[in-house]
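Chain by chain, the residues:
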Amino acid sequence: MRGSRVVALGHYQPAKVLTNDDLAAMVETSDEWISSRVGIRTRHVAGPDEPVDELAAHAGAKALAAAGLTPADIDLVLVATSTAVDRSPNTAARVAARLGMGSPAVMDLNVVCAGFTHALATADHAVRAGSSKRALVIGADKMTAIADWTDRTTCVLVGDGAGAAVVEAFDEELIGPVLWGSVPEMGHAVRIEGTPPVFAQEGQAVYRWATTQLPPIARQVCERAGLTPEDLAAVVLHQANLRIIEPVARKIGAVNAVIARDVVDSGNTSAASIPMALSKLVERGEIGTGDPVLLFGFGGNLSYAGQVIRCP
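Bear in mind the structure is a predicted one, so any value in this text is a computation, not a measurement.

Participant: How would you summarise the overall build of the chain if you had to cite specific residues and measurements?
Facilitator: A tally of helices and strands in the chain yields nine helices and 14 strands. Since a compact globule built from 312 residues should have a radius of gyration of about 20 Å, the 18 Å found for the chain is in line with a globular shape. Principal axes of the C-alpha set define a box for the chain whose edges measure 55 × 45 × 40 Å. Evaluated residue by residue, the chain yields a buried proportion of 58% over its 312 residues. Of the contacts made within the chain by residues no fewer than 6 positions apart, 76% connect residues no fewer than 24 positions apart. Total accessible area on the chain stands at roughly 12300 Å², and carbon and sulfur atoms take up 49% of it.

Participant: I'd like a description of helix 9 (residues 273-283), backed by residues and values.
Facilitator: Along helix 9, nine of the eleven residues are buried, which leaves the element largely enclosed by surrounding structure. Among the residues of helix 9, Ser273, Ile274, Pro275, Met276, Ala277, Leu278, Ser279, Lys280 and Leu281 are the ones counted as buried. Downstream of helix 9 by one or two residues, Gly285 has phi in the positive range, about 75°.

Participant: Would you mind going over the nonpolar core in detail, with residue names and values included?
Facilitator: Counting residues in each nonpolar core, the largest one holds 50 residues, and the members touching the most others are Leu237, Phe296 and Phe298. Taken together, the elements giving at least two residues each to this core come down to helix 2 (31-38), helix 6 (203-224), strand 11 (234-237), helix 7 (242-252), helix 8 (263-266), strand 13 (292-299) and strand 14 (303-310). In contact with Phe298, other than residues within four places in its own chain, are Cys113, Ala114, Trp209, Ala210, Leu214, Leu237, His238, Ala240, Ile244, Ser303 and Tyr304.

Participant: Tell me about the sheet that holds strand 8 (residues 179-182), and please be specific about residues and values.
Facilitator: Strand order across the open sheet formed by five strands is 8-14-13-11-12, with mixed pairing between neighbours. Looking along the sheet, the strands with just one partner apiece sit at the ends: strand 8 and strand 12 (258-259). The strands touched by helix 6 within the sheet are strand 8, strand 13 and strand 14, with strand 13 carrying the most contacts at an inclination of about 145°. Most of the contacts of helix 9 go to strand 11, to which it runs at about 150°, and overall it touches strand 11, strand 12, strand 13 and strand 14.

Participant: So what's going on with the pairing of strand 4 (residues 76-80)? Residues and values would help.
Facilitator: Of all the five residues making up strand 4, five are buried; the element is thus mostly covered by neighbouring parts of the structure. Alternating positions in strand 4 separate into two faces, Leu76, Leu78 and Ala80 on one and Val77 and Val79 on the other, with burial throughout. The pairing of strand 4 with strand 5 (residues 105-109) spans five bridges and is classified as parallel. Residue pairing in the sheet places Leu78 in a bridge with Met107 of strand 5. Crossover handedness for the path strand 4 to helix 4 (residues 91-99) to strand 5: right-handed. Bridge analysis of strand 4 against strand 6 (residues 134-142) gives five bridges, and the strand direction is parallel. Looking across to strand 6, one finds that Val77 is bridged to Leu136.

Participant: I'd like to hear about helix 5 (residues 115-129), residue by residue, with values.
Facilitator: Relative to the 21 Å expected for 15 residues at 1.5 Å per residue, helix 5 spans 21 Å between its end C-alpha atoms, a close match to the ideal helical length. With twelve of its 15 residues buried, helix 5 lies for the most part within the structure. For helix 5, the set of buried residues is Gly115, Phe116, Thr117, His118, Ala119, Leu120, Ala121, Ala123, Asp124, Ala126, Val127 and Arg128. Where helix 5 ends, the next residue or the one after it, Gly130, has phi of about 90°, a positive value.

Participant: Describe the packing of aromatic side chains, naming the residues involved and giving the relevant values.
Facilitator: For the structure on display, the rule yields three aromatic pairs. On the numbers, 6.5 Å between centres and 70° between planes, the contact of Trp209 with Phe298 is edge-to-face. Placement of the pair is Trp209 in helix 6 and Phe298 in strand 13, with a sequence separation of 89 residues. Taking the relative accessible area as the measure of exposure, Trp209 reaches 10% and is therefore buried.

Participant: Give a description of unusual backbone geometry that names residues and reports values.
Facilitator: Geometrically, the link from Ser88 to Pro89 is a cis peptide bond, its omega value of 0° lying close to zero. Positionally, Pro89 belongs in the loop between strand 4 and helix 4. With omega at 0°, the peptide bond leading from Thr195 into Pro196 counts as cis. Structurally, the position occupied by Pro196 is in the loop between strand 9 (190-193) and strand 10 (198-201).

Participant: Let's hear about the packing of helix 6 against helix 7: which residues, and what values?
Facilitator: Contact geometry of helix 6 with helix 7 gives a least axis separation of 9 Å together with a crossing angle of 30°. With respect to each other, helix 6 and helix 7 are oriented roughly parallel. Here the hand of the crossing between helix 6 and helix 7 comes out right-handed. Contacts from Val206, Tyr207, Ala210, Thr211, Pro215, Ala218 and Arg219 of helix 6 reach helix 7 at Arg243, Ile244, Pro247, Val248, Lys251 and Ile252.

Reading guide: rules and limits
- Residues numbered from 1 in each chain as written.
- Predicted model: local features only at pLDDT ≥ 70, side-chain atom pairs only at ≥ 80, totals over all residues.
- Heavy atoms only, no water.
- Helix = DSSP H or I, 4+ residues; strand = E, 2+ residues; numbered from the N terminus.
- Rg over C-alpha atoms; globule rule 2.2 N^0.38 Å.
- Buried < 20%, exposed > 50% of the residue type's maximum accessible area, 1.4 Å probe, protein only.
- Contact = heavy atoms within 4.5 Å.
- Areas by Shrake-Rupley, 256 points an atom, 1.4 Å probe, with all protein chains shown as cover.
- Core = buried A, V, L, I, M, F, W, Y, C linked by side-chain atoms within 4.5 Å.
- Pairing = 2+ DSSP bridges.
- Axes fitted to C-alpha atoms, helices over the stretch in contact; angles between N-to-C directions.
- Right-handed = clockwise from strand over helix to strand, strands pointing away.
- Expected span 1.5 Å × (residues − 1).
- Phe/Tyr/Trp six-rings, centres within 6.5 Å; stacked < 30°, edge-to-face > 60°.
- Parallel < 35°, antiparallel > 145°, perpendicular 65-115°, else oblique.
- Left-handed = near helix turned anticlockwise from the far one by under 90°.

As structure tokens, this is what we get:
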């Protein structure tokens, strides 16, 4: 079994920005109500002519450029998304076509907010097993397309975007072992259902589960990587809600770590949130090459997946 590593990252967000004041003109809410309850100030909104695969392709192209690679260098494309409109061609195939790739394997993964960390683990496994040499892993979602804009408890949360990572074989294990699982009987707590599909959730149930059940699991992720929470340089949780991120990060015990808070400016972008937040931390120089970073996704299906990676 070989190891693998993340060699580069990229992210993309649509140009249109929706502020809390903009939302207050659409639904009964206010900047104070949103800021105090979820910590979000702005979110980016894709237009009707900006499908999920376009967001994903932009992020993927940036990751490839940062890695100094061409599309022909990729033999596996994994896209984590729960908001693609069409089933076939899948989003990964459309990304490969947009980027002009040769003949990569193309797969979509739908684990909602935990999608990217599941996809990253899948790429790591494929590379370590020798079935892929170099993979492009993308989290992309267009959450505003499935929002109920009459429900102030959910529509204020969502945003659109994509984040990407290039994963390749390496002689060290710079992507740590994944710890993943779910609570199937609580799957109703986060839903994207119906025709057309609409996002809904039981906010209090998700909050209680995340803040009480997830910190010890995240500490186990560190143990699997041979580290303690104090060793971490950064913690990048799914950017669900600042009122979840901050207590979970505190309970993990990563006292020396930078805590990603991209939710403030981007909202909840589901599978895009972790790679987008990580890419921005790297771009701003807040974490350096080789730093240990905990990635931990959670949410829909009450699924979770986490691993410690070394920063590219």
